[in-house]
Amino acid sequence: MVTSVAPRVESLASSGIQAIPKEYVRPQEELNSIGNVFEEEKNNVGPQVPTIDLKNIESPDEAVREKCREELKKAAMEWGVMHLVNHGISDDLLERVKKAGKIFFDLPIVEKEKYANEQVSGQIQGYGSKLANNASGQLEWEDYFFHLVYPEEKRDMSIWPKTPSDYIEATEEYAKQLRVLATKVFSVLSLGLGLEEGRLEKEVGGLEELLLQMKINYYPICPQPELALGVEAHTDISALTFILHNMVPGLQLFYQGKWVTAKCVPNSIIMHIGDTIEILSNGKYKSILHRGLVNKEKVRISWAVFCEPPKEKIILKPLPEVVSEAEPPLYPPRTFAQHIQHKLFRKTQDAALSAFPPK
């Protein structure tokens, strides 16, 4: 299914090419919707990604607390994505995480290659670029660094960057604090479905089994951004995804039939509802289709942390409390691993059909 490793996108971008290789050019039907991301971000017409202020999420005043929780629930049901502000993680820690990741990606490629992953052999942690899929040959305009950051006992510290020196300390502290934030969000989402507060967290593995996987996405400057995507359209397989970025726009959400560009909100964390929560809630909470644009002026970096259930231990299916005769289950029972395979199979089928349409 996979072919040889593509060159690092960073090396392509810095080689002075004026035209991007054909493997990075998106199909015609996608090109029609790819615009200038800086212009798109300035557009205030139409729906905008909601901003949710979490300051009062645990307020002792019940009315104040409920108002905050209701806003989060509404955003999860209508959009499945939101900017979180006053989330409880200090601006200083967010800056340390971002600075450490940027310094790592500023290293020469030869230094980063010491951390290279081997996707073919299943070693997915480390520094990498997307491998071409035979059916479509499509590539994305990004390099990345991927590793498990929580629980601590499941980490492989041999793959964590040694440079800069603050990388490990900042990233592990951020992971710990994100784990606390995830619990608060799961609680609100559980109550929003009429469930006990701890239910959704328990269903995705609890403190012992829920995995936090960090992917630092590095999108180099692109000479033809109108032809490429940093990340192609997809929904996240996770339960929740938390994203930081370097204040360069790029994230787009497919909402009500149109691509909406997320604004850059200072000191916020973007949160996505993933497929896992959509399935457990029987579609009441949305896992929104999204993609990443690139540009020819500024490097974009984002830090995505995927909160994922264990691959085999849990059967994902709509919870009995959220289904009824009027609202039957929309998703068949699958393990998380089976859900991933199902999505890959569908994607391969779609790619094959677009590459070799029926006559």
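Below you will find a few notes about this structure.

Calculation rules
- Residues numbered from 1 in each chain as written.
- Predicted model: local features only at pLDDT ≥ 70, side-chain atom pairs only at ≥ 80, totals over all residues.
- Heavy atoms only, no water.
- Helix = DSSP H or I, 4+ residues; strand = E, 2+ residues; numbered from the N terminus.
- Rg over C-alpha atoms; globule rule 2.2 N^0.38 Å.
- Buried < 20%, exposed > 50% of the residue type's maximum accessible area, 1.4 Å probe, protein only.
- Areas by Shrake-Rupley, 256 points an atom, 1.4 Å probe, with all protein chains shown as cover.
- Lys, Arg positive; Asp, Glu negative; His and termini not counted.
- Charge placed at Lys NZ, Arg CZ, Asp CG, Glu CD.
- Core = buried A, V, L, I, M, F, W, Y, C linked by side-chain atoms within 4.5 Å.
- Contact = heavy atoms within 4.5 Å.
- Phe/Tyr/Trp six-rings, centres within 6.5 Å; stacked < 30°, edge-to-face > 60°.
- Lys NZ or Arg CZ within 6 Å of the ring centre and 35° of its normal.
- Salt bridge = Lys/Arg side-chain N within 4 Å of Asp/Glu carboxyl O.

Summing up its helical and strand segments, the chain has eleven helices and 14 strands in all. Taken over C-alpha atoms, the radius of gyration comes to 20 Å for the chain, in line with the 21 Å a tight globule of 359 residues would show. When the backbone C-alpha atoms are referred to their principal axes, the chain occupies close to 60 × 55 × 45 Å. Burial statistics for the chain: of 359 residues in total, 53% are counted as buried. Summing over all exposed atoms, the chain offers an accessible surface of approximately 16,600 Å²; the carbon and sulfur share of this is 55%. Positive and negative side-chain charges in the chain, numbering 42 and 50 respectively, have mean positions lying 3 Å apart.

Let's shift gears to the nonpolar core. Core analysis: the largest hydrophobic core is formed by 65 residues, its most contacted members being Y174, L189, L240, F242 and I277. By residue number, the principal contributor to this core is helix α7 (residues 167-192), which donates eleven residues. Among all residues touching L189, those that are not within four sequence positions of it are L72, A76, L200, L240, I273, I277 and Y285.

This paragraph deals with the packing of aromatic side chains. When we look at a pair of aromatic rings, we describe it by the centre distance and by the angle of the planes. Scanning all chains against the criterion turns up ten aromatic pairs. With centroids separated by 5.0 Å and ring planes inclined at 55 degrees, the aromatic side chains of F254 and W259 adopt a geometry described as tilted. We classify F254 as partly exposed; its relative accessible area is 35%. Members of the aromatic cluster, joined through ring pairs, are F104, F105, Y115, Y127, F145 and Y218. Sitting above the plane of the W259 ring, R291 keeps its charged end 4.1 Å from the centroid.

Each neighbour pair has its own omega, and for Y150 with P151 the value is 0 degrees, a cis peptide bond. We note that Q256 has phi near 50 degrees; this positive angle belongs to a residue other than glycine. Residue placement: Q256 occurs in the loop between β8 (251-255) and β9 (258-261). For N282, which is not glycine, the phi torsion reads 55 degrees and is therefore positive. Tracing the chain through its elements places N282 in the loop between α10 (275-280) and β11 (290-292).

Following the criterion strictly, the structure yields 25 salt bridges and no others. Ionic pairing is found between R96 and E169, a salt bridge with its closest N-O pair at 3.6 Å. Highlighted residues: R96 in helix α5 (residues 91-106) and E169 in helix α7, separated in sequence by 73 residues. Counted as one network, the salt bridges with shared partners bring together R26, E30, K130 and E232.

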